Amino acid sequence: MDRVEVDIKSTDDHAKVRKAITSGFFYNTARLASEGSYKTVKHNLSVLIHPSSCLHKEVKRWLIYFELVLTNKEYMRQVIEIDPKWLVEIAPHYYKKKEILDSSQVKMPKKVGSSGRGGEETWEQARSKLFESDVARRAYS
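Cut-offs used in this document
- Residues numbered from 1 in each chain as written.
- Predicted model: local features only at pLDDT ≥ 70, side-chain atom pairs only at ≥ 80, totals over all residues.
- Heavy atoms only, no water.
- Pairing = 2+ DSSP bridges.
- Helix = DSSP H or I, 4+ residues; strand = E, 2+ residues; numbered from the N terminus.
- Axes fitted to C-alpha atoms, helices over the stretch in contact; angles between N-to-C directions.
- Buried < 20%, exposed > 50% of the residue type's maximum accessible area, 1.4 Å probe, protein only.
- Polar contact = N/O pair within 3.5 Å; in protein donor to acceptor, adjacent residues only side chain to side chain.
- Contact = heavy atoms within 4.5 Å.
- Phe/Tyr/Trp six-rings, centres within 6.5 Å; stacked < 30°, edge-to-face > 60°.

Chemist: Can you lay out the sheet that holds strand E5 (residues 74-81) for me, pointing to particular residues and giving the numbers?
Modeler: If you trace the five strands once around the closed barrel, you get E1-E2-E3-E5-E4, paired in mixed fashion. Each adjacent strand pair in this sheet contributes to an overall mean axis angle of 50 degrees, direction not counted. In this structure, strand E2 (residues 38-40) lies alongside strand E3 (residues 46-49), joined through two bridges in antiparallel fashion. By the bridge assignment, Tyr-38 is partnered in E3 with Val-47.

See below:
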């Protein structure tokens, strides 16, 4: 970096990098659910961390993922842990504070109905809603 006279510095503060990734993938957010799996924040899909991930055996409250892979279950690939406060700071047009309340401070809702699947959508329904939204349409056009 001598050509542009920029000093190369290294730091152990990875929060800036994770925050930068969050700014690009804020719509791919999942939070830890009560049964140990994760739920996507906007579409309430049940997802798991892919077994090849280094975070597969760890429990993190909030994650950003790069892609979802559908096999017999839906898995998140390329995941990182985030601070949920970043979502409201980075994307206030997409997330509201009430959506991002820490799940440890809020009681989990009781399951509705005999099947225990109250409020969950199928993968196809949630995907179609995602692509119908204005934010996604602008992002994918």
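Chemist: Got a sec to walk through the side chain of Thr-22? Specific residues and values, please.
Modeler: With respect to the element layout, Thr-22 can be found in helix H1 (residues 15-24). By relative accessible area, Thr-22 is classed as buried at 0%. Of note is the side chain of Thr-22, whose polar atom sits 2.8 Å from the backbone oxygen of Arg-18. Residues within four places of Thr-22 in sequence aside, it is in contact with Ile-64, Ile-82, Trp-86, Leu-87 and Ile-90.

Chemist: I'd like a rundown of the packing of aromatic side chains, residues and numbers included.
Modeler: By the definition in use, this model includes four aromatic pairs. Taking 5.5 Å as the distance between ring centres and 70 degrees as the angle between the ring planes, the aromatic pair formed by Phe-25 and Phe-66 counts as edge-to-face. Taken together, the positions of Phe-25 in the loop between H1 and strand E1 (29-32) and Phe-66 in strand E4 (residues 62-70) put the pair 41 residues apart, joining distant regions of the chain. A relative accessible area of 26% places Phe-25 in the partly exposed class. An aromatic cluster is built from Phe-26, Tyr-27, Tyr-94 and Tyr-95, whose rings are joined through pairwise contacts.

These results come straight from atomic positions and should not be treated as a statement about function.
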